[in-house]
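Letter by letter, the chains look like this.
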Amino acid sequence: MLLLAIESSCDETAAAVLEDGSNLLSSVVDSQIHVHSPYGGVVPELASRRHIETIYTVVDETLKQASIKLDRLDAIAVTQGPGLVGSLLIGMSFAKALAYVRNLPCLGVDHMAGHLLSIFLGEKQPSFPYIALAASGGHSSIYLVTDPLSYKLLGQTRDDAAGEAFDKVAKLLGLEYPGGPIIAETAKTGNPEAVSFPRAWLEPDSLDFSFSGLKTSVVNYVNRANQKNEELNLPNICASFQEAIADVLVEKTLTASRKANISQIVLAGGVAANQRLRDLMRFRGQKENFEVFLPPKEYCTDNAAMIAVAGYHLFKNRKHTSVTIDMDVYSRSQFHI
Ligand code: KG4
Ligand code: ZN
């Protein structure tokens, strides 16, 4: 069974070909970072335009790398939401056109479902059920994943997402967009205990997150230093900020696993590419007898391979009609508590 997947929900144009649900034949990601970094964040209109410019080349290259011609495909999967509507529409329209021409099923995939199943692109894979932390630019949520199509939201951020906090703090410190990778790099030579930034635990046992207080605390710290004409120690600030985020993400994920009595923990989403978060999750997991599963970093950040995995399960479970030409995109998350 050969499936082509297309992802265009934010600032990556991506496509992948997956064989029989697990054998990834190709995965191409065209990142738009250079388009948006001068503005310190994603500019939706520019994102849509760039998707239009690159989608044909990305899909063509993906098929070439997989040595597959269009007539060999059995289905097409495409990210339906959540994301930027203009960007989603480019991938959706392209996928529908291909599906219509080849008379193939066109499957609308939820972007978060893709992240939650991205672990199946790695070598070490969990069985069901597992607890997943999905931390990206738009989401910081904990899910109970009971099968490839069932996800229960256990907790989510009440304000900023973890990735969003990385991006905003990087901007404040004069570092480039996206903030996650550059903060992680700068933090390497810093002391994580240099500045005691706050951790928002919220109510006892709450599985929700809040990162806006942490962000404000970094703003205040920087302002105070500027007023006193003190030089900022960027490595120390970055390391301390990163530690505060990793601490809360790991602790709440462990609490969720304990409460649900589930021993397998999966990390997903762009922030899951953060080495400190990965190390801390693995360390705490080992100490407390949880098995921790980490997707390869390239499948943490947005890609179409994860959309292909989720699309495959929809296809297998016949969650599609023949050609879903009237399928629409959506901007907001579909999974609620
Ligand atoms: O999953 P993703 O590629 O896109 C969304 O669905 O949002 O996540 C992007 C987010 C950005 O906020 C970026 O700063 C963050 O993931 N990120 C990281 C790292 N790499 C990407 N955050 C921390 N450490 C990293 N190494
Ligand atoms: Zn994502």
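All values reported here derive from a predicted model rather than from experimental measurement.

Participant: How do you make sense of the coordination of the zinc ion (ligand 2) when you look at a structure like this?
Facilitator: Each pair of donors in an ideal four-coordinate tetrahedral metal site encloses 109.5 degrees, whereas pairs in an ideal six-coordinate octahedral site enclose 90 or 180 degrees. Each protein donor to the zinc ion (ligand 2) is listed here as H111 (NE2), H115 (NE2) and D302 (OD); together their distances run 2.0 to 2.1 Å. Angles of 94 to 140 degrees at the metal separate the 4 donor atoms of the zinc ion (ligand 2), which places the site in the irregular class. Binding-site remark: the zinc ion (ligand 2) is held by donors from one chain whose sequence spacing is H-x3-H-x186-D. With H111 and H115 both in helix 4 (residues 111–117) and 4 residues apart, this pair spans about one turn of that helix. By relative accessible area, which is 7% here, H111 ends up buried.

Participant: Would you explain the site of ligand 1 in this entry?
Facilitator: Neighbouring ligand 1 are 20 residues; G137, D167, G180, N274 and D302 lie closest to it. For ligand 1, whose accessible area on its own is 560 Å², the fraction buried by protein is 88%. Taken together, the elements giving at least two residues each to the shell around ligand 1 come down to helix 4, helix 5 (162–172) and helix 6 (179–187). Here the shell around ligand 1 spans two domains, and each of domain 1 (2–116 + 301–316) and domain 2 (126–294) adds at least three residues to it.

Participant: What should I look at first to understand the packing of aromatic side chains in this one?
Facilitator: What characterises a pair of aromatic rings is the spacing of the ring centres plus the angle enclosed by the ring planes. Applying the stated criterion to the full structure yields 6 aromatic pairs. Ring centres of F120 and Y130 lie 6.2 Å apart, and the angle between their planes is 55 degrees; this geometry places the pair in the tilted category. Taken as a pair, F120 in the loop between helix 4 and strand 6 (130–135) and Y130 in strand 6 lie far apart in primary sequence, 10 residues in all. You'll find F120 and Y130 in the same group, each marked buried. Members of the aromatic cluster, joined through ring pairs, are F120, F128 and Y130. When the ring centre of F293 is taken as origin, the NZ or CZ atom of K124, which lies over that ring, is 4.6 Å away.

Participant: Mind showing me how you'd approach the pattern of salt bridges here?
Facilitator: When their charged atoms lie close together, side chains carrying opposite charge are able to pair. This structure, assessed with the given rule, holds 17 salt bridges. In this structure, E230 engages K228 in a salt bridge whose closest nitrogen and oxygen atoms are separated by 3.9 Å. Among the ionic pairs, R276 bridges to E243, the shortest N-O distance being 2.8 Å. Placement of the pair is R276 in helix 9 (residues 275–287) and E243 in helix 8 (residues 234–260), with a sequence separation of 33 residues. Of the residues examined, E243 reaches a relative accessible area of 12% and is grouped as buried. Among the ionic contacts, a cluster of salt bridges with common partners joins D160, E164, K168 and K215.

Participant: Would you explain the state of the cysteines in this entry?
Facilitator: Covalently bonding the sulfur atom of one cysteine to the sulfur atom of another cysteine gives a disulfide. Under the criterion given, the structure shown has 0 disulfides. Its sulfur unpaired, C300 is 16 Å from the next cysteine sulfur, which belongs to C10.

Participant: Could you clarify how one ought to interpret the environment of H115 in this entry?
Facilitator: Accessibility expressed as a relative area gives 0% for H115, which makes it buried. Spatially, the C-alpha atom of H115 lies 17 Å from that of N23, the residues being 92 residues apart in sequence. Contact partners of H115, with chain neighbours within four places excluded, come to A268, G269, G270, C300, D302 and M306. Only 3.1 Å separates the side chain of H115 from the side chain of D302, close enough to count as a polar contact.

Participant: Explain the sheet that holds strand 4 (residues 75–81) to me, please; I cannot follow it from the model alone.
Facilitator: Adjacent strands of a sheet form backbone hydrogen bonds with each other and so pair up, either parallel or antiparallel. Reading across from one edge, 3-2-1-4-5 is the order of the 5 strands in this open sheet, with mixed pairing throughout. Both edges of this open sheet fall to strand 3 (23–31) and strand 5 (106–110), since each of them pairs with a single strand only. Between one strand and the next, the sheet's axes are offset by a mean angle of 20 degrees, whatever the strand orientation. Its contacts with the sheet put helix 3 (residues 85–102) on strand 1 (2–7), strand 4 and strand 5, and the angle it makes with strand 4 is roughly 160 degrees.

Participant: What's the story with the nonpolar core in this structure? I'm lost.
Facilitator: Most often, soluble globular proteins keep nonpolar side chains buried together rather than apart. I183, F197, F211, F241, I245 and L249 are the most contacted members of the largest nonpolar core, which totals 46 residues. For this core, the elements supplying multiple residues, two or more each, are strand 6, strand 7 (140–147), helix 5, helix 6, helix 7 (212–227), helix 8, strand 9 (264–268) and helix 9. At 12 residues, helix 8 tops the list of elements feeding residues into this core. Not counting residues up to four positions away in its chain, the partners in contact with I183 are F166, V169, A170, L175, C238 and F241. Residues L121, A132, Y151 and I307 belong to the second largest nonpolar core, which totals 36 residues.

What counts and what doesn't
Residues numbered from 1 in each chain as written. Chains lettered and ligands numbered in written order. Predicted model: local features only at pLDDT ≥ 70, side-chain atom pairs only at ≥ 80, totals over all residues. Heavy atoms only, no water. Donors = N, O, S within 2.8 Å, 3.2 Å for Na, K, Ca; no water. Tetrahedral: all angles 85-135°; square planar, octahedral: opposite > 155°, others 65-115°. Helix = DSSP H or I, 4+ residues; strand = E, 2+ residues; numbered from the N terminus. Buried < 20%, exposed > 50% of the residue type's maximum accessible area, 1.4 Å probe, protein only. Near = heavy atom within 4 Å. Areas by Shrake-Rupley, 256 points an atom, 1.4 Å probe, with all protein chains shown as cover. Domains from an automatic or database assignment. Phe/Tyr/Trp six-rings, centres within 6.5 Å; stacked < 30°, edge-to-face > 60°. Lys NZ or Arg CZ within 6 Å of the ring centre and 35° of its normal. Salt bridge = Lys/Arg side-chain N within 4 Å of Asp/Glu carboxyl O. Disulfide = S-S within 2.5 Å. Contact = heavy atoms within 4.5 Å. Polar contact = N/O pair within 3.5 Å; in protein donor to acceptor, adjacent residues only side chain to side chain. Pairing = 2+ DSSP bridges. Axes fitted to C-alpha atoms, helices over the stretch in contact; angles between N-to-C directions. Core = buried A, V, L, I, M, F, W, Y, C linked by side-chain atoms within 4.5 Å.

What is shown is where atoms sit, not what they do.
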